[in-house]
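An overview of the molecular structure
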Amino acid sequence: MSEVVYEETATMIAAGELQSFVPFGREHCRNHPNAFNLQLRELQPASELWSSDGAAGLVGSLQEVSLQERERECWQLRKGCMGVREEDVEFEEELYTAGTVVVWSQGSRTQASNVYKAFTVDSPVQQALWCNFAVPQNKKDEEELEQTVCIVQSSCVNVHTVTGKDFISPLPFQVSNVWATKFGLLLERKNTATDAQISAPGEPLPTVFSMLHPLDEIAPVVCKPAGVFEGSHVQYASDATMKIVFSCCQPSVVVSYDTVKGIHSVWALRKVTPDEHSSVLRCTADPVGTPMGLMASGFLTSHLRNISRLDSPGGSGAAGLGPATGTSCAVGTGSPLHYSVLHSHQSRMTSSPGLHSRVHSPSISNMAALSRAHSPGMAAPSFSGAARFNASFHGLSPRGHHGSLPSPNSTVNETVLVPEMEPIVPDLCMEQLWSETVTAGGHREMSSQASKVFLTSDLCENRYLCFLVESHQQLRCVKFIESNDSSQLIFASVTTIPAKDAEPLQNIDAMLVLEACGSLVLYTGITRVSKVFVPGLLSPTFSLTNHLPHRSTPVENVSTPANAGGRHLQRLDEAAMPSPVTELRGPNIKYHEASFLDDCTFQQATPYIHALRDPVCNRVTLELSSGTMLRISVPEIATSELVRKCLQAIRFILPKEAAMKVLVKWYNIYNAPGGPSAHAEWNLFVTCFMTLMGYNTERLTWTRNLHFEVPLSPVIAAKKARPSDGGSDEDWDYLLGSHYHRQMNSQPLCGPVDSSGSNSTLIAETEGLSSASSPSSPSLKLDSSAPLFPHIPALFYVLHLLYQELQLDELQRARASSLVCLLQQLARDLQLEDYVDLYWRDYPSLISGFNESCLIDQAVFGQMQRPSFLRPEPPCVLGWLSSCLRGEEVPPFPYLPGICQRTRLLVLSYALYIAGDENATSTDASKYLIKLSAGQKSRASEQHFRRQSSVKVQLSSGSLAEQLVVWLTSEGFTLKDLESVPFGVALPIREAIYRCREQPCSDWSEEVCLLIGRQDLTKQAHKMTLAKSKASVGSGLSLEPPATTEPDEEEDGMSDIIQEVTGLIWSQDLRVQEVRRLLQSSRPVRVSVVQLPEVSDHEYIEEKENKLLQLCQRTMALPVGRGLFTLFSYHPVPTEPLPVPKLNLTGRAPPRNTMVDLNSGNIDVPPNMTSWPSFHNGVAAGLKIAPASQVDSAWIAYNKPKSPELANEYAGFLMALGLNGHLTKLATLNIHDYLTKGHEMTSIGLLLGVSSAKLGTMDMSITRLLSIHIPALLPPTSTELDVPHNVQVAAVIGIGLVYQGTGHRHNAEVLLSEIGRPPGPEMEYCTDRESYSLAAGLALGMVCLGHGSNLIGMTDLNVPEQLYQYMVGGHRRAQAGANRERHKSPSYQIKEGDTINVDVTCPGATLALAMIYLKTNNRSIADWLKPPDTWFLLDFIKPEFLLLRTLARCIIMWDEILPNTEWVKSNIPQIMRGTFDPSEDINMETMAQAQDYITAGACMALGLRFAGSANSDAFDCLYEFARTFMKIMSFAGSAAVTGYYNLQTGLSMILLAMSMVMSGTGNLKVLQLCRFFHKRTGGEMNYGFHMAHHMALGLLFLGGGRYTLSTSNSAIAALLCALYPHFPAHSTDNRYHLQALRHLAVLAAEPRLLVPVDVDSLKPCYALLEVTYKETKWYDETTVELMAPTMLPELHLLKRVKVKGPRYWELSVDLSKETQHLKSILSRDGVLYVKLRAGQLPYKDDPQGWKSLLASTVNHRNSGVRAFKPEAISTFTSEPALVSFAEFFCKPSEGMKHREDTLVLFSAMLYECVTQECPEMLPTYIAIEQAVGTLRRGDLQQTFPLWQMRLVVELWDSRGLQGPANHHNALLTSEFLPVMKNMVDVALDSWLKDNSSVLRSYMRGEALPKDAQSTVLACFLVYRSIPCLRNTHTHLEGCSSLGDLLSRSSRLGIPLRDLLRLVPLLLGSASGPQTLQGFPLQAF
């Protein structure tokens, strides 16, 4: 019998979805104008490939097409994977190649194909393929996959990435084939005839090469053959007979074919290990002696280079080198970095045609092609194809230094001297895993190369590598398994299947095989499943006679239920068919029988399948002999989720062979032609499954009715379909036996059905077959010979576990009721009473309808394998969770890995969170879960690890709730999943989430934040990941300037300040507008001069122009301040030039508003007056560009102005780009262009810009650039270059910037000597020497910044002593070193003598000392800088130098600076503070000046020490001094003593110090001072003072209030350069200090503004911050509250920043761990996302917090509920679910059926959700209410809601037990739950009162009640957690006392509360309640 079940006479399945197939690319190319098209149009739709059988009729139609043309069209399909998650739409991608066009298209079943990308290249495409390259990320070892399309042409490979990058890699040899692998491309070299001539004997050249990235070298692949002799022998893959036929990424293998031996081999492809690396590269003395000719390294490369030139097309004559030039071919082409060569790059590019086209293509500048040549990874385009292989260009390995340019100094000359070339380093290794065995005797002819190779797996997850050998017409399948470390593959047996063609069907674990006779057969692995019937196509083996009428239209033959013509094929065997044509099963089939060739029409009309191609998922294309193609899809194994799950479970538990049989059998039944529709799938499955287990499904009533619900055999279906005139009895029986009837018959609605038995007996009686249903009848026996009979217990158990899994998923639970019918039948027959009882409790009304059971003979009972895991007490997952909540000891719960994932997840979650076992999810999982080990280990058990997200599970010491949330996320659990967990089970998880939401960690990943529902954090985390992409530009804040009304507003260059933010920071006044007014320089100024009567008109005009000249001094100084004000506030549009506001130097004179112009010639205007101001204007415009903008080299060049007048502005623009870091993108060529122009300003801007951009990097290329401009850094013999003085100054500062903080010895030495550089002969170095000396000093200070006395290796330079000498004077030391020659002859202009000129060297030396010893608190150096303490010595020092010395001394003694006036005064020497002896001759002027300058210096130091801190003490102190100075200035007498200039200088420095302290805060007092000075234009107020005051204004509003100053060493150095206390006297004055350096202040700016942005509205808003400072020696750890948006203090001072409640969700950033997170937030405009709590309003709308939803409930909680109007909800919460709930459920509407109290209840729920901040609890509240409602109405169908209710109550109790403190954490805090609980109790108690007998009889173990009581009884048992007492020996009845009862019940684990409900029933008589009087039942 079992055989019969198995071997169907013939099985056949129907293929679905027949469509004709035409590659979409062909359609697309039809309309593509190219030459290939014209040929294509003439083509008929002929077959793509020659047919292998050569049928005569086809040849005719193919003759016109030459072979070559047909080869040019090819395509491949794959499953779509373009950025789409798998669960989304499933689509196909096609890559189609024809001629020079490649079309990549996408399309799915639902959506027509469309072109994704189309590429056209220059030469015919040899091959196009998809490939993923791994791009290493710079910081970590992780790699990013880059998806690309590679297009192979004869001379190069074009690689186009999905992200839009294009690469062209030239090929050094001709390629025969290219393969995509896991690592990149594999290239096979074409063997050319020249090979033999060139290669030395015994030394073959490599044939397989790899390219890991388009910018990398092409490297040979090494292979490691498996052999006895050469065990670990590694060699280059150079065997010319080896052809690769297949490559695959997962697992990473390659299949090759040996053309001589005729065998296939499999190789593992992996990266080379270091020792293989070294063994291949080892240079052996005797190359011939090494086995397999391991070549000496030199030979390989030189040969490769020769070869590559010979056979690369167009390369042989390149650069005019003869073929015999061994190494010399590198010389002519080899030094791309010499400037002279750069210009000739066009000519050198011609070596490879593929490259040539790119060079001239307009879209990419030549620079791009060139810069690519510099990247050492691809040493390419500029070298000839040959030289490209010469790896010796880079001595290091070719990879590992992408991006860093090879140094220009190392020209090729060095490499040419080396005769031996270095070999090319291999990247990949092929290790042989398996080879075919050659059969002995050699009688079999050699097998040809496999035409197809693929991987497939069978239904039981065995994996096979299959290759199709066409010559033998067989498919060889090699089974392989991955070993434990998964790197090794172990190959097992080979099976051959006769086949003409085959293709794998991935997602149904099968393959489709075309047999030699032309029929399609489906195999899974090597098991034959069935034939595939393609509607409309005759399998050639069918008889012809039957179907001749249909001959002309074969497609009519589609089998549909209506046209059942094809139906009978289902049962026919091929052999049984009467066929006039005998089958030919030979290797070659020739259809030459007469019947075929009789008539021509027939020949055309019976196309047969002759090849298969393009499998994607379960679809495949059939190529017909007629040349057309059809796409069919092979049906899946199951569509219903439930059937699929059951099949998974069956496959898991059964041995492989049995499992395979079941699956194949099911597949055939399910997919028979005209098979069932989807809804009937389950019934079909039950029938099939039970039959296989030995049931006779016709005899069991409920399964028989399944047959009626779904006609199994088409015959019955046809009969049913006929409408019958009168109803038959059968119809009535069908109704009675239906599922619906069984569910309803126990309902109260029907009244009690015949209580004697169930409906099945009724049916039996009506049918008159009463004997059939009586258990004694023999027909209900099980057939013990059925294949699955021995496995019934195991199968039952796994299905039971699956049933438990379904209980935990709301979406699947409906299916559980179907499964339970099957389970109860098995449980009855296995006599497992407890299981039946469990099912009855779950579905009381359903189960009580069944009572048939089948007998199993005791004799055969022993044949069943009872697995050890089948326990008599049934595992119930809800019971397990419940006892976990009650805190009982729980046994581990069984689960099926990979199938019961939800069970595993929830059991472990409870173990972790409720039982509190921290290791539950990691090490102790086995305590709680027990895996079923099965007949087979399934791969599915590892499946869940694949779903894990990127979250690293690091269990912190955080709370259990945090651990739970992080663990769930790491398991891939999302909010969507949580919604499908039943409400009772989900409650603890929701509680954990709720707890985490209050205080999340700032470093959680995006997924965790999503799960806990903190959108603010999610968005922040999301931005973290997108920092590189364009999305972060603008980062949430609208950067569009508001539309202003007046047109001239736009041009002042300050319109980009973000109004939204400044409006929040300074909400009370218009100070930003005022700053804009003060700093605008684009409108004419107002020149108001009153014409006195005695002044002539001409004089009046001159007076006006003189006044204008004074005002212009101010206008010209404004841009310096404006640059600071608008810092980084603008994101340029790459298609438009940067708008630069005009520098307007005209005026308007009231009252007539006449123009006043300086160019009228009436007064003398200094020449070049505007050159520096326009430079500053350019800087100011450029500084607007934010560092995050997208700026590229082309855009920078695009901004170059046409008119030469604007050149200065452009120079400033370049400097600004350097300051914001964009100048690094400017191509070297452009830098070179700008410098060769010799424009002084451009050079200054460029040098300073480039150096700032490369701050502290010691970048070599920039160093060279700077050295050219500094004679001291050039070799003494070099040509004297005429470099303008200011450019030299800029270059020296540049050296300081590039080497900042590095302590570089050589540069320090040069700079030290340059401070005191003597003036040379002629005119050199005679003017403006001060600025050069100062620059050298500043640069020296920067190089050794903060190093103090530990300057490594510089002790012999005596840096501090030398600087001291420069500072105080003394004898000049002999000039040492290389520059001795230069200074032999003295200057002819300046007589200096042999002492140091202190006036020149002192400032530089002082500041150098200050910077070297910055913050070191070195007292001995500081004492050198003290002001002298005698009047005599004081007279010798310039007062200005006193300022510098004081400043230097204070910043060396950094920690002693205190923010009070006493400290400032303490810097003034004692002699000035004491009382004066009148006898002494004191120069009052000296004293006053010294005092003022020393005070200014100390104030300056104070400003630096507290820069950006907004320290109020420091500010008050500085403000006081400013007032003092202003008082002194207002008295003419005292001002005269000190000198107005000196006072003004001191005052300017104090003002700058103040604005440094208050930087970015926009303090009003400082603004008033700045405005006061802005107004003063006459007298001594020169250009320099205006510059100082407006710089102060700029610093005060730095970056529009978004930036402030840092006090890092680097920032202090930048500020010292920028705020050097000697300001220029007029606009062309650079004598003491180069004006351009004023802009270096930008380098000290850092973003520290934190802007809270509401995550819902994306608008900036106010939020309360709590900032905690770390403890320092000046103050303890302190906490301050700030209202954001606000400036944060410097991050290294902070411990934590926290957003405080109650308005917004709390959020804390802990800075003691790491500051990176906060830094990245600040750098992106400081956007910190915050989320308003529900029920709260933002501060703007409700400053005091009186309008919030909770405010009304302060006094009475309940009054809040009553006063709550659901309509007002939308103002308090943005949660759409809550708003719509209020809309639809809480408003009384007309015709409403509800009573008023429901509305009130719903409103109360809503109120609770809003105030408690847990909108996600709303469904839970409603579900509880519904459950209780249905119980009270008595129409519960199943007990599931009560299970959930019980879990909720138990959670509530367990929280209550932990004490009241825990209650506020719980989610259900209101009175809602106790009320609901009470309702349940009352309902159940009242039932118990009336029906105690029912409960009694159940507890005695009598039969289950069949009537309406059944449901409520089950509810009672479930809710009261009373176990099944049937098999326990503990009887609760008849206890003598309560104590006895308690002791018995404790063994059963009934909770005390529930037991007391039973006390009246169990103790004693019917008068139960009276015996226990005074026992308050309600207490429980």
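Residues numbered from 1 in each chain as written. Predicted model: local features only at pLDDT ≥ 70, side-chain atom pairs only at ≥ 80, totals over all residues. Heavy atoms only, no water.

In terms of helices and strands, the chain carries 77 helices and 45 strands. Burial status across the chain gives 56% buried among its 1980 residues. Within the chain, counting contacts between residues at least 6 apart in sequence, those at least 24 apart form 69% of the total. Just so you have it, the chain exposes about 83,300 Å², and 55% of that area is on carbon and sulfur atoms. (Helix = DSSP H or I, 4+ residues; strand = E, 2+ residues; numbered from the N terminus. Buried < 20%, exposed > 50% of the residue type's maximum accessible area, 1.4 Å probe, protein only. Contact = heavy atoms within 4.5 Å. Areas by Shrake-Rupley, 256 points an atom, 1.4 Å probe, with all protein chains shown as cover.)

Turning our attention to the pattern of salt bridges. Going through the model one piece at a time under the given rule, you end up with 47 salt bridges. Close ionic contact of Glu 1074 with Arg 1571 constitutes a salt bridge, the shortest N to O distance being 2.9 Å. On the criterion of sequence distance, the pair formed by Glu 1074 in helix α40 (residues 1071-1079) and Arg 1571 in helix α62 (residues 1564-1575) is long-range, its members being 497 residues apart. Residue classification places Glu 1074 among the buried positions, given a relative accessible area of 17%. Among the residues examined, Arg 1571 registers a relative accessible area of 34% and is labelled partly exposed. One salt bridge connects Glu 1850 with Arg 1846, and the closest N-O pair in it is separated by 3.4 Å. Taken together, the residues Glu 1850 and Arg 1846, both in helix α71 (residues 1840-1857) and 4 residues apart, mark about one turn of the helix. The burial state of Glu 1850 is the same as that of Arg 1846; both residues are buried. (Salt bridge = Lys/Arg side-chain N within 4 Å of Asp/Glu carboxyl O.)

Right, let's talk about a negative patch on the surface for a bit. Taken together, the side chains of Glu 1462, Asp 1513, Asp 1516 and Glu 1520 present a region of like negative charge at the surface. Looking at which element gives the most residues to the negative patch, the answer is helix α59 (residues 1512-1530), with 3 residues. With relative accessibility at 44%, the residue Glu 1520 sits in the partly exposed group. (Patch = residues over 30% accessible without salt bridge, like charges linked within 9 Å, V, L, I, M, F, W, Y side chains within 5 Å. Lys, Arg positive; Asp, Glu negative; His and termini not counted. Charge placed at Lys NZ, Arg CZ, Asp CG, Glu CD.)

A few words on the packing of helix α42 (residues 1171-1183) against helix α46 (residues 1240-1253). The N-to-C vectors of α42 and α46 enclose an angle of 35°; their axes lie 12 Å apart at closest approach. Considering the relative orientation of α42 and α46, their crossing is right-handed. Contacts between α42 and α46 involve Ser 1171, Trp 1172 and Phe 1175 from the first element and Met 1241, Ile 1244 and Gly 1245 from the second. (Axes fitted to C-alpha atoms, helices over the stretch in contact; angles between N-to-C directions. Left-handed = near helix turned anticlockwise from the far one by under 90°.)

What follows concerns the packing of helix α73 (residues 1892-1899) against helix α76 (residues 1952-1962). Two numbers describe how α73 lies on α76: the axes approach to 11 Å, and their chain directions differ by 95°. If you check the angle between α73 and α76, you find them roughly perpendicular. The residues of α76 that touch α73, namely those facing Ser 1892, Leu 1895, Arg 1896 and Met 1899, are Leu 1958, Leu 1961 and Leu 1962. Tallied by class, residues from the contact of α73 with α76 come to 5 nonpolar, 1 polar and 1 charged. (Parallel < 35°, antiparallel > 145°, perpendicular 65-115°, else oblique. Nonpolar A, V, L, I, M, F, W, Y, C, P; charged D, E, K, R; others polar.)

Turning to the sheet that holds strand β19 (residues 264-271), a few remarks are in order. Read across the sheet, 6 strands follow the order β16-β15-β20-β19-β18-β17 without closing on themselves; strand pairing throughout is mixed. Sheet topology places β16 (235-236) and β17 (242-248) at the edges, where each strand pairs with a single neighbour. Examined bridge by bridge, strand β18 (residues 253-258) and β19 share 5 bridges and lie antiparallel to one another. When the bridges of β19 are listed, Tyr 257 appears paired with His 264. (Pairing = 2+ DSSP bridges.)

On the surface, Phe 1432, Leu 1433 and Phe 1436 cluster together into a nonpolar patch covering about 370 Å² of accessible area. Tracing the chain through its elements places Phe 1432 in helix α54 (residues 1431-1434).

As a further point, take helix α17 (residues 656-670). For α17, built from 15 residues, the straight-helix expectation of 21 Å at 1.5 Å per residue is met to within 8% by its first-to-last C-alpha distance of 21 Å. Within α17, 11 of the 15 residues are buried, leaving the element largely enclosed by the surrounding structure. When we look at burial in α17, the residues that qualify are Ala 658, Ala 659, Met 660, Val 662, Leu 663, Val 664, Lys 665, Trp 666, Tyr 667, Asn 668 and Tyr 670. (Expected span 1.5 Å × (residues − 1).)

Before going further, it helps to spend a moment on the sheet that holds strand β1 (residues 12-14). Taken in spatial order, the 5 strands make up an open sheet running β1-β28-β27-β26-β25, and their pairing is mixed. The sheet terminates laterally at β1 and β25 (501-505), the two strands that pair on one side only. On average, adjacent strands in this sheet sit at an angle of 35° to one another, irrespective of strand direction. Of the pairings in the sheet, the one linking β1 to strand β28 (residues 527-533) comprises 3 bridges and is parallel in character. Its bridge partner being in β28, Met 12 is matched across the sheet by Lys 531. Together, β1, β27 (520-524) and β28 form the strand contacts of α17, whose direction differs from that of β28 by roughly 5°.

With that settled, consider unusual backbone geometry. For the bond running from Pro 1150 to Pro 1151, omega is 0°, close enough to zero to count as cis. Inspection of the secondary structure puts Pro 1151 in the loop between β35 (1147-1149) and β36 (1154-1156). Between Ala 1684 and the following residue, Pro 1685, the backbone shows a cis peptide bond with an omega angle of 10°. Within the element layout of this structure, Pro 1685 appears in the loop between β41 (1679-1684) and β42 (1686-1687). The phi dihedral of Lys 1415 is positive, around 60°, even though this residue is not glycine. Mapping Lys 1415 onto the fold places it in the loop between α52 (1398-1412) and α53 (1419-1424). Taking relative accessible area as the criterion, Lys 1415 reaches 25% and is therefore assigned partly exposed. Its identity is not glycine, yet Leu 1658 carries a phi of approximately 60°, on the positive side. Note on Leu 1658: relative accessible area 32%, which makes it partly exposed.

As a further point, take the packing of aromatic side chains. Inspection of every chain in the model, using the stated rule, returns 35 aromatic pairs. Ring geometry for Phe 1432 against Phe 1436: centres 5.1 Å apart, planes inclined by 70°, an arrangement best described as edge-to-face. Here Phe 1432 falls in the exposed class, since its relative accessible area comes to 60%. Their ring planes at 20° and their centres at 5.1 Å tell us that Phe 1781 and Phe 1785 sit as a pair that is stacked. Here the residue Phe 1781 and the residue Phe 1785 both occupy positions in helix α68 (residues 1776-1785), the gap between them amounting to 4 residues, near one helical turn. For Phe 1781, a relative accessible area of 7% puts it in the buried group. Given a relative accessible area of 42%, Phe 1785 falls into the partly exposed group. Within the aromatic cluster, the residues linked to one another by ring pairs are Trp 666, Tyr 670, Trp 682, Phe 685 and Phe 689. (Phe/Tyr/Trp six-rings, centres within 6.5 Å; stacked < 30°, edge-to-face > 60°.)

With 72% of its residues at a pLDDT of 70 or more, the chain shows a mean pLDDT of 76. Taken together, the stretch residues 710-726 has pLDDT below 50 and engages in 10 contacts with residues farther than four places along the chain or on a different chain. Ignoring residues within four places in sequence, the model shows residues 935-957, a span with pLDDT below 50, making 41 contacts including any to other chains. (pLDDT = per-residue confidence, 0-100.)

Another aspect to go through is the pairing of strand β31 (residues 629-633). Walk down a regular strand and you will see the side chains alternate between the two sheet faces. Here β31 lies mainly inside the structure; 5 of its 5 residues are buried. Of the two faces of β31, both are covered, the one formed by Met 629, Arg 631 and Ser 633 as well as the one formed by Leu 630 and Ile 632. In terms of strand pairing, strand β2 (residues 16-20) meets β31 through 3 bridges, oriented antiparallel. Within β31, the position partnered with Gln 19 by the bridge is Arg 631. Pairing geometry for strand β30 (residues 619-624) and β31, over 5 bridges, is antiparallel. Opposite Glu 623, over in β31, you have Met 629 as the bridge partner. Hairpin connection from β30 to β31: 4 residues lie between these consecutive antiparallel strands, with Gly 627 at a positive phi of about 95°.

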